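Structural description and commentary
If you want the building blocks of each chain, they are given just below.
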Amino acid sequence: MFARFSRRLATTCPPAARELGLLREHEDIAKRHAKVRAAWAPHLAESRKVILEVAERCDRRQRVLVIGAGDCLDVPVAGLAECFAEVVLADIVTSAEVRWWEKKLSGQVRGANWDASGALAALAAVRKTVASQEASEIFAKADAGPPPGGEADLIVSANCISQLGLVPGHSLPAYDKDKGLPDRCAKAAAKRHLAWLQQQPGVRLLLADAARYDIGPDGKQLKKETLHERFGLPKPDRTWRWDLAPIPEWSPDFHRVHEVGAWMFGENVVRR
Ligand SMILES: C[S@@+](CC[C@H](N)C(=O)[O-])C[C@H]1O[C@@H](n2cnc3c(N)ncnc32)[C@H](O)[C@@H]1O
């Protein structure tokens, strides 16, 4: 209880993002992780490994930016600090974990409350009355602006792209009448984030859900949904399995499993 209270005190989130449910979602992720820590461990280890492998192949090493840093569960902060002069940990919610790294590696690591969708302030201003069509257009037209901390030699988008429009979409009153709204916001926000990433210089690494499976208790695949094609992405460079919600976390009838993908863009990288 006390630990949770002191974590909350150290956590910062702009009011617009709170209204749109992002602080609550941040806390829910921490709770889900605490419940299924062992099931998530291989996925988190694989994410950290891929990030470090790409970091070590960058030929310029002034600054690395991590987008969606959250609690840094999948971010190898110490390893990145060995490779880069500066580490910027960006998220709409700056967590107690990020504050801890800022103190531990003072002057080298810093957190930034930053909206990677560029849409949250505009959306929060009209949250109560916005029509569903208008909401997804806000994401489609938004601009996240320059990267926090300045241009980076490596940008890692860390398992956040599918969340950018989804969580705010669920928080809108318009969702009550249009259950497809969060999905459309998610798609629009993901496309904008991809376009933004593609415009940036340096090496870029995208970690994101590639597919979602429902697996029965006997191991039989009950359902598969490919996610990366919805966002106009090619096949990932690498994939691995994430046991997101073992029975009974999501459903008593199936395990929810994600295939996570890693996509790498950019020229300033030593190819192996
Ligand atoms: C699934 S979590 C990623 C896990 C995180 N990398 C970790 O290791 O804890 C998604 C993250 O995206 C962040 N996020 C959601 N919307 C955002 C936005 N508009 N701008 C920046 N970060 C956002 C959330 O706050 C959350 O920390």
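Since the structure is predicted, the reported quantities are computational estimates derived from the model, not experimental observations.

The secondary structure content of the protein amounts to ten helices and eight strands. Its C-alpha atoms give the protein a radius of gyration of 18 Å, within 12% of the compact-globule value 19 Å for 272 residues. Seen through its C-alpha atoms, the protein measures out along the principal axes to roughly 50 × 50 × 45 Å. Surface summary for the protein: the accessible area is close to 13200 Å², and the carbon and sulfur share equals 52%.

Let's shift gears to the packing of aromatic side chains. Counting across every chain of the model gives three aromatic pairs. Between W100 and W101, the ring centres sit 5.0 Å apart and the planes meet at 85°, which makes this aromatic pair edge-to-face. On the basis of relative accessible area, W100 is assigned to the partly exposed category, the value being 46%. Residue W101 is classed as buried on the basis of its relative accessible area, which comes to 12%. Lying across the ring of Y175, K179 places its NZ or CZ 4.2 Å from the centre. Its end group placed over the ring of W250, R256 keeps NZ or CZ at 4.5 Å from the ring centre.

It is worth spelling out the layout of surface pockets at this point. Size it by volume and the second largest pocket reaches roughly 310 Å³. Elements supplying a minimum of two residues to the lining of the second largest pocket: α1 (2-10) and α3 (22-35).

Around the ligand, a shell composed of 21 residues is seen, among which G68, L73, D74, D91 and A116 lie nearest. Between the ligand and W114, the relevant distance is 3.3 Å, taken from a nitrogen atom to a main-chain nitrogen or oxygen of the residue. About the coverage of the ligand: the protein hides 94% of its 600 Å² of free accessible area. For the shell around the ligand, the class distribution of residues is twelve nonpolar, five polar and four charged.

What follows covers empty space enclosed by the protein. All chains considered together, the criterion is met by two cavities of 30 Å³ or more. Roughly 50 Å³ of internal volume is contained in the largest cavity. Considering the residues around the largest cavity, the lining is formed by A116, S117, A142, D143, A144, R192, H193 and W196. Of the residues in the lining of the largest cavity, the class split is four nonpolar, two polar and two charged. Estimated volume of the second largest cavity: approximately 30 Å³. Lining the second largest cavity, in full, are R212, Y213, D214, K223, K224, E225 and R256.

Glancing now at the pattern of salt bridges. The tally for this structure, following the rule as stated, stands at 16 salt bridges. Salt-bridge contacts for K35 lead to E249; the nearest nitrogen and oxygen are separated by 3.3 Å. In this pair, K35 is assigned in helix α3 and E249 in the loop between β7 (238-245) and β8 (255-265), connecting sequence segments 214 residues apart. Take K35: its relative accessible area is 61%, and that puts it in the exposed class. A relative accessible area of 36% means that E249 is categorised as partly exposed.

All right, on to the packing of α3 against helix α4 (residues 37-56) then. Viewed as axis vectors pointing N to C, α3 and α4 meet at an angle of 105°, and their least axial separation amounts to 6 Å. Classified by the interaxial angle, the pair formed by α3 and α4 is roughly perpendicular. Contacts between α3 and α4 involve I29, R32, H33, A34 and K35 from the former and R37, W40 and L44 from the latter. Grouping the constituent residues of the contact of α3 with α4 by class yields four nonpolar, one polar and three charged.

This paragraph deals with the nonpolar core. Grouped together as the largest cluster of nonpolar side chains are 48 residues, with contacts concentrated most on L65, I67, L123, W196 and L206. In terms of residue count, the dominant contributor to this core is helix α10 (residues 181-199) (eight residues). Once residues within four sequence positions are removed from consideration, W196 is found in contact with L65, I67, W114, D143, A144, G145, P146, P147 and I155. Judged by nonpolar contacts, the second largest core, of 34 residues, contains W40, V156, V203 and L207.

So, how was this worked out
Sequence order as written defines the numbering, with residues in each chain counted from 1. Side-chain atom pairs in this predicted model are given and counted only at pLDDT of 80 or more, local residue features only at pLDDT of at least 70, and totals for whole chains, interfaces and linings cover all residues. Calculation of side-chain values draws on the structure's entire complement of heavy atoms; hydrogens and water are dropped beforehand. Counting from the N terminus, the helices are the DSSP runs of H or I reaching at least four residues and the strands are the DSSP runs of E reaching at least two. Throughout, the radius of gyration refers to the C-alpha atoms, and the reference size of a globule is 2.2 Å times the residue count to the power 0.38. Per-residue and other accessible areas were derived by the Shrake-Rupley procedure at a 1.4 Å probe size, with only the shown protein chains allowed to occlude residues. Side-chain rings of Phe, Tyr and Trp (the six-membered ring for Trp) are treated as a pair once their centres are within 6.5 Å; stacked means planes under 30 degrees apart, edge-to-face means over 60, and tilted covers the remaining angles. Burial classes follow relative accessibility: with a 1.4 Å probe on protein chains only, a residue under 20% of its type's maximum area counts as buried, one over 50% as exposed, and anything between as partly exposed. Look at NZ for Lys and CZ for Arg. If either is within 6 Å of the ring centre and within 35 degrees of the ring normal, a charge sits over the ring. Using a grid of 1 Å spacing that covers the protein atoms alone, one calls a set of points a cavity when a 1.4 Å probe fits there but cannot get out, and a pocket when the set is open and has protein on both sides within 12 Å along at least five of seven lines; lining residues are those with an atom within 4 Å of a point. Grid points are joined across faces, edges and corners, and a volume is the space filled by probe spheres set on the points. Only heavy atoms are used to decide nearness, and a residue is near a molecule or strand if one of them lies within 4 Å of it. Two N or O atoms form a polar contact when they lie within 3.5 Å of each other; inside protein one atom must be a possible hydrogen donor and the other a possible acceptor, and for residues adjacent in sequence the pair counts only when both atoms belong to side chains. In this classification, the charged set is Asp, Glu, Lys and Arg, the nonpolar set is Ala, Val, Leu, Ile, Met, Phe, Trp, Tyr, Cys and Pro, and all remaining amino acids, among them Gly, are polar. When a carboxyl oxygen of Asp or Glu lies within 4 Å of a side-chain nitrogen of Lys or Arg, that pair is called a salt bridge. Between N-to-C directions, angles cover 0 to 180 degrees, with each direction set by a line fitted to C-alpha atoms, over the stretch in contact for helices. Note on angle classes: values under 35 degrees are labelled roughly parallel, values over 145 roughly antiparallel, values of 65 to 115 roughly perpendicular, and the remainder oblique. The contact rule is simple, with two residues in contact once any of their heavy atoms fall within 4.5 Å. Nonpolar cores were defined as sets of buried Ala, Val, Leu, Ile, Met, Phe, Trp, Tyr and Cys residues, with membership established by side-chain atoms within 4.5 Å.

Any functional reading would require information that these geometric values do not contain.
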